[in-house]
Amino acid sequence: MTDPYQNLANAIILSAVKDWRLARRKLKRKPNNKDAKILLGECENFFRSAWFASLTDVDGEMLIRRLYEEDR
């Protein structure tokens, strides 16, 4: 049986990853899109936050690097 709190934590992280990918797609089309730049920054701040660290054992900096590698 899965832990509902872990499921919630995973859903929060996956939502942030989807938002990051959306922001990157928008920035590829329009590099000066202010809303996309803000969203990207908010996602990366979340990945580096204590809250993120409390939700998962994943290293936030490593996640950001992998997302950029995937985005090439």
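Figured I'd write up the structure that's included with this text. Treat the numbers as computed from the prediction; the structure is a model and nothing was measured.

## Topic: the overall build of the protein chain
Along the backbone of the protein chain there are four helices and zero strands. A principal-axis box enclosing the C-alpha atoms of the protein chain has dimensions of 45 × 20 × 20 Å. Of the contacts made within the protein chain by residues no fewer than 6 positions apart, 50% connect residues no fewer than 24 positions apart. Accessible area for the protein chain stands at about 5400 Å²; split by element, carbon and sulfur atoms hold 54% of it. Computed over 14 positive and 11 negative side-chain charges, the inter-centroid distance for the protein chain is 9 Å.

## Side note on the side chain of E44
Within the secondary structure, E44 is located in helix α2 (residues 34–47). For E44, a relative accessible area of 11% corresponds to the buried category. Beyond its immediate stretch of four places on either side in the chain, E44 contacts W20, I64 and Y68.

## So, the environment of L67
With respect to the helices, strands and loops of the structure, L67 is situated in helix α4 (residues 60–70). Overall, the relative accessible area of 3% leaves L67 in the buried class. Sequence separation of L67 and W20 is 47 residues, and the distance between their C-alpha atoms is 8.5 Å. Contact partners of L67, with chain neighbours within four places excluded, come to V17, W20, R21 and F47.

Calculation rules
Once a new chain begins, its residue numbering starts again from 1 and follows that chain's sequence as written. Where local features are concerned, this predicted model is filtered to residues with pLDDT of at least 70; where side-chain atom pairs are given and counted, the filter is 80 or more; whole-chain, interface and lining totals use all residues. To obtain the side-chain values, all non-hydrogen atoms of the structure were included, while hydrogens and water were left out. Comment: elements are numbered from the N terminus, with helices defined as DSSP H or I runs of at least four residues and strands as E runs of at least two. The criterion used for residue contact is that any of the two residues' heavy atoms lie within 4.5 Å. Using the Shrake-Rupley algorithm and a 1.4 Å probe, accessible areas are obtained, with residue cover drawn only from the displayed protein chains. Here Asp and Glu are counted as negative and Lys and Arg as positive; His is not counted, and neither are the chain ends. Note that the charge is assigned to NZ on lysines, CZ on arginines, CG on aspartates and CD on glutamates. Only protein chains enter the accessibility calculation, which uses a 1.4 Å probe. A residue is then buried if its area is under 20% of the maximum for its type, exposed if over 50%, and partly exposed in between.

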